[in-house]
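Chain residues, written in single-letter form:
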Amino acid sequence: MSENKLVLRPLIGLTNGLEPREIERFVVEEIEKHRRLRDDAIGLEAILEPQPAGDAKTETNRAYISAMIAVHAQQTVVSTLLDILGYIPEMPKKTPH
């Protein structure tokens with residue numbers, strides 16, 4: 001792992017000794033979580049853009065910033081777990097609703 005890269009060291013300890021298939025399950029779950037968070041942030045951004053200035057826009061902007069903080073924090077989780085696993089696992093196929 002790169003010294004300049006942000007790594008969540010507790011995840012290294014938590015996954016120490018786990019079988020790769022177990023770590024892979026965590027990776028898949030956390031990637032799916034990242035995608036949900038990203039979709040939420042994109043939805044807020046879409047609402048934010050056409051809003052006129054005012055209190056509602058300020059609150060939407062705060063919600064968007066908060067959502068983006070969650071997206072970036074989750075990206076660090078995913079990145080660390082991928083480094084631990086050593087490869088990108090195949091993602092399960094989603095069936096359309």
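The structure reproduced in this document is the subject of the present report. (Residues numbered from 1 in each chain as written. Predicted model: local features only at pLDDT ≥ 70, side-chain atom pairs only at ≥ 80, totals over all residues. Heavy atoms only, no water.)

### Topic: the nonpolar core
A general feature of soluble globular proteins is that nonpolar side chains tend to end up buried together.
And then number 1: Of all hydrophobic cores here, the largest spans 10 residues; its members are Leu 11, Ile 23, Val 27, Val 28, Ile 31, Val 77, Val 78, Leu 81, Leu 85 and Met 91.
And then number 2: Excluding anything up to four places from it in sequence, Leu 85 contacts Pro 20, Ile 23, Glu 24 and Val 27. (Core = buried A, V, L, I, M, F, W, Y, C linked by side-chain atoms within 4.5 Å. Buried < 20%, exposed > 50% of the residue type's maximum accessible area, 1.4 Å probe, protein only. Contact = heavy atoms within 4.5 Å.)

### As for helix 2 (residues 20-48)
And then number 1: Helix length check: helix 2 (29 residues) gives 41 Å between terminal C-alpha atoms against 42 Å at 1.5 Å per residue, within 8%.
And then number 2: Residues of helix 2 that are buried: Ile 23, Val 27, Val 28, Glu 30, Ile 31, Glu 32, His 34, Ala 41 and Leu 48. (Helix = DSSP H or I, 4+ residues; strand = E, 2+ residues; numbered from the N terminus. Expected span 1.5 Å × (residues − 1).)

### As for the pattern of salt bridges
And then number 1: Tallying each qualifying case throughout the model produces 2 salt bridges.
And then number 2: Note that Asp 83 and Lys 5 form a salt bridge whose closest N and O atoms lie 2.7 Å from each other. With a gap of 78 residues between them, Asp 83 in helix 3 (residues 55-85) and Lys 5 in the segment before helix 1 (9-15) connect regions that are remote in the sequence.
And then number 3: Residue Asp 83 is classed as partly exposed on the basis of its relative accessible area of 29%.
And then number 4: Among the salt bridges present, the one from Asp 39 reaches Arg 38, with a minimum N-O distance of 3.0 Å.
And then number 5: Residue classification places Arg 38 among the partly exposed residues on the basis of a relative accessible area of 34%. (Salt bridge = Lys/Arg side-chain N within 4 Å of Asp/Glu carboxyl O.)

### Quick word on the packing of helix 2 against helix 3
And then number 1: Their axes nearest at 8 Å, the elements helix 2 and helix 3 cross at an angle of 160°. Comparing their axes, helix 3 and helix 2 come out roughly antiparallel. Judged by the sense of rotation from one axis to the other, the crossing of helix 2 with helix 3 is left-handed.
And then number 2: Residue classes in the contact of helix 2 with helix 3 are distributed as 22 nonpolar, 5 polar and 6 charged. (Axes fitted to C-alpha atoms, helices over the stretch in contact; angles between N-to-C directions. Parallel < 35°, antiparallel > 145°, perpendicular 65-115°, else oblique. Left-handed = near helix turned anticlockwise from the far one by under 90°. Nonpolar A, V, L, I, M, F, W, Y, C, P; charged D, E, K, R; others polar.)

Read these as geometric descriptors, not functional statements.
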